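Below are the chains, spelled out letter by letter.
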Amino acid sequence: MKILMSFILSILFTLSLSAQENQIISNAFQGTRFVNEQSVNLADHGELRLYIQHRFGEIDGGLYQLFGLDQATMRMGFEYGLGKNLNVGFGRSTFLKTYDVYAKGRIAGQTETFPLSIGLVAAGSVPTLRNYFPDTENNFSSKFSGNIQLLLAKTFGLVGLQVTPGFLKTGYLLAENRNISVFTLGLAGSVRVSSDVSVNLEYLHPFSDDLRSAIPLSLGVDINTGGHLFQLILSNSQQIFTQGLYTATQGNWGDGKLFFGFNLIREFRIKYY
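To start, this report covers the structure provided alongside it.

1. Details of the pattern of salt bridges
Then comes step 1: Evaluated as defined, the whole model comprises six salt bridges.
Then comes step 2: Between Asp100 and Arg75 there is a salt bridge; the shortest N-O distance is 2.9 Å. You can see Asp100 sitting in strand β4 (residues 98-108) and its partner Arg75 sitting in strand β2 (residues 73-81), a full 25 residues away along the chain.
Then comes step 3: We classify Arg75 as buried; its relative accessible area is 2%.
Then comes step 4: Within this structure, Glu47, Arg49 and Glu267 form a network of salt bridges that share partners.

2. Observations concerning the sheet that holds strand β1 (residues 47-58)
Working definition: the strands of a sheet are paired by backbone hydrogen bonds and lie parallel or antiparallel to each other.
Then comes step 1: Read around the closed barrel, 12 strands run β1-β2-β3-β4-β5-β6-β7-β8-β9-β10-β11-β12, paired in antiparallel fashion. Each strand axis lies, on average, 20° off the axis of its neighbour in the sheet, ignoring direction.
Then comes step 2: Across 10 bridges, the pairing between β4 and strand β5 (residues 117-127) is antiparallel. Bridge pairing links Ala103 to Ala122 in β5.

3. Notes on unusual backbone geometry
Then comes step 1: Phi is positive for Leu96, which is not a glycine, with a value near 55°.
Then comes step 2: Topologically, Leu96 is positioned in the loop between β3 (86-93) and β4.
Then comes step 3: Its identity is not glycine, yet Lys97 carries a phi of approximately 50°, on the positive side.
Then comes step 4: With respect to the element layout, Lys97 can be found in the loop between β3 and β4.

4. Considering the nonpolar core
Then comes step 1: Listed in full, the eight residues of the largest apolar core are Leu168, Leu173, Ile180, Val182, Leu204, Leu211, Leu245 and Tyr246.
Then comes step 2: For Leu211, the residues in contact, after removing those within four places along its chain, are Leu173, Glu176, Ile180, Pro206, Tyr246 and Thr247.

5. A few points about the environment of Asp209
Then comes step 1: Inspection of the secondary structure puts Asp209 in the loop between β9 (197-206) and β10 (217-224).
Then comes step 2: Given a relative accessible area of 82%, Asp209 falls into the exposed group.
Then comes step 3: Sequence separation between Asp209 and Val182 is 27 residues; the distance between their C-alpha atoms is 9.6 Å.

6. Some thoughts on the side chain of Arg55
Then comes step 1: Within the element layout of this structure, Arg55 appears in strand β1.
Then comes step 2: Buried charge without a salt bridge: Arg55, with Glu202 as the nearest opposite-charge side chain at an N-O distance of 7.4 Å.
Then comes step 3: Within the local environment of Arg55, its side chain forms a polar contact with the side chain of Asn36, the two groups lying 3.0 Å apart.
Then comes step 4: A distance of 3.0 Å separates a polar atom in the side chain of Arg55 from a polar atom in the side chain of Asn263.

Cut-offs and rules
Residues numbered from 1 in each chain as written. Predicted model: local features only at pLDDT ≥ 70, side-chain atom pairs only at ≥ 80, totals over all residues. Heavy atoms only, no water. Salt bridge = Lys/Arg side-chain N within 4 Å of Asp/Glu carboxyl O. Helix = DSSP H or I, 4+ residues; strand = E, 2+ residues; numbered from the N terminus. Buried < 20%, exposed > 50% of the residue type's maximum accessible area, 1.4 Å probe, protein only. Pairing = 2+ DSSP bridges. Axes fitted to C-alpha atoms, helices over the stretch in contact; angles between N-to-C directions. Core = buried A, V, L, I, M, F, W, Y, C linked by side-chain atoms within 4.5 Å. Contact = heavy atoms within 4.5 Å. Lys, Arg positive; Asp, Glu negative; His and termini not counted. Polar contact = N/O pair within 3.5 Å; in protein donor to acceptor, adjacent residues only side chain to side chain.

Here it is as structure tokens:
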């Protein structure tokens, strides 16, 4: 396995050097996230991004529940560009009072002579809700979830596509009474309607029969207002971070059990280069 990983990394490094000889083509995506999961985009060097992410409750609750407003969940986080090819970020979600951290790097960018943008994400999360986990599992190592994802993206004019194979090792799941290791696959597409508006579609598939969660399918609209990126979201998942998406999605598009939400991203320039 170590030999195989070394071989793959050497190929990716060679591709990266080849791609960097040409100017990288701007892709069709607007944000560093498609809807819920990461896109191959990076925050610029010295740029700090504030994320305010809201997911309301089920919209079929009607006017009495104000179409989900009474059961909102949210995440607040920050993302920073450490150089041209590396981002780091962290956040905190109200769901199980979960903290998450991640690092995302660019391996290669799409150019006139290289067909793909390639990135890699490593992330982890840990819930901190009290009196929820059994005593034997109420420790950091049992609750910690980790995942790694390879980001493969291609732009065709105003259309962008991304394939995201990954691996997730969940923390302790109360419903399953154990943790689960699972391969995952994200499929996402984006279409530029105008210079400031995009429509995005995201599908996240876990390759496991052990999870009782539904498969997340989300639709988003990106609106760039200058200093802000505003993303409107309709999804069958109320979750925002990776483990929650793959293990706690309960909605169903066919039954109309959906959640409306938004991402508000504000950019700050910390350093000028």
